[in-house]
Amino acid sequence: MIALGSDHAGFPLKEEIRAWLDENGYEYKDFGVYNTDRADYPVYGARVARAVASGEYEKGILCCGTGIGISIAANKVDGIRAACCSDYFSAKYTRAHNDANILCMGARVIGGGAACELVNVFLNTGFEGGRHADRIALFKKIENGEEL
Ligand code: RB5
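Predicted model, so just to flag it, every value in this text is computed and none were measured.

### Comments concerning the packing of aromatic side chains
Reasoning step 1: For the coordinates displayed, the defined rule picks out three aromatic pairs.
Reasoning step 2: Ring geometry for F31 against Y57: centres 5.4 Å apart, planes inclined by 75°, an arrangement best described as edge-to-face. In this pair, F31 is assigned in the loop between strand 2 (28–30) and helix 2 (41–53) and Y57 in the loop between helix 2 and strand 3 (59–64), connecting sequence segments 26 residues apart.
Reasoning step 3: Exposure remark for Y57: the relative accessible area of 8% places this residue in the buried category.
Reasoning step 4: Over the ring of F31 we find K29, and its NZ or CZ is 4.8 Å from the ring centre.

### Concerning the site of the ligand
Reasoning step 1: As a matter of local geometry, the ligand sits amid D7, H8, A9, Y41, C64, G65, T66, G69 and R108.
Reasoning step 2: Backbone polar atom of T66 to an oxygen atom of the ligand: 2.9 Å apart, as the coordinates give it.
Reasoning step 3: A distance of 3.4 Å separates an oxygen atom of the ligand from a polar atom in the side chain of R108.
Reasoning step 4: Here the ligand has 290 Å² of accessible area as a free molecule, and 74% of this is covered by the chains.
Reasoning step 5: Looking at the shell around the ligand, its residues break down into three nonpolar, four polar and two charged.

### Observations concerning the side chain of R95
Reasoning step 1: With respect to the helices and strands, R95 occurs in helix 4 (residues 88–96).
Reasoning step 2: Note on R95: relative accessible area 7%, which makes it buried.
Reasoning step 3: From its side chain, R95 meets the backbone oxygen of A100 in a polar contact 2.9 Å long.
Reasoning step 4: If near-sequence neighbours (up to four positions away) are discounted, R95 is found in contact with K59, A100, F122, T125, G126 and F127.

The rules we used
Residues numbered from 1 in each chain as written. Predicted model: local features only at pLDDT ≥ 70, side-chain atom pairs only at ≥ 80, totals over all residues. Heavy atoms only, no water. Phe/Tyr/Trp six-rings, centres within 6.5 Å; stacked < 30°, edge-to-face > 60°. Helix = DSSP H or I, 4+ residues; strand = E, 2+ residues; numbered from the N terminus. Buried < 20%, exposed > 50% of the residue type's maximum accessible area, 1.4 Å probe, protein only. Lys NZ or Arg CZ within 6 Å of the ring centre and 35° of its normal. Near = heavy atom within 4 Å. Polar contact = N/O pair within 3.5 Å; in protein donor to acceptor, adjacent residues only side chain to side chain. Areas by Shrake-Rupley, 256 points an atom, 1.4 Å probe, with all protein chains shown as cover. Nonpolar A, V, L, I, M, F, W, Y, C, P; charged D, E, K, R; others polar. Contact = heavy atoms within 4.5 Å.

So this is what it looks like as structure tokens:
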């Protein structure tokens, strides 16, 4: 199950991604926004991030104008590894090496066709584990304020 969200700037891209998820048979919940009225991206970044961190949703997809603000918001939530991507290689390797659990994209950065390709590779690439898992474990230490 995928958690989906955006602010007003990301809304048109979120809608294209939502249509793609429908066409490709993915289950998701849309956490808003539901129109282009001005909205604060930290609110929607946090809602999706908390839904993913709770374990109820396996992955999240977030859109704002740049993809950056909403990724910063999502990464404030413990257990979240939100990656802002606009190219295929990054979307693939943030899964393989970072075990990213939220993909963030900018509606003012990439078009819908490219974004859906990134969503596809993000959802279908597994985490490689091994040495990468040791690094992910260090994220938890950062969250806990431990020395590195
Ligand atoms: C909204 O205008 C815009 O600032 C926001 O969508 C995002 O790009 C912030 O990072």
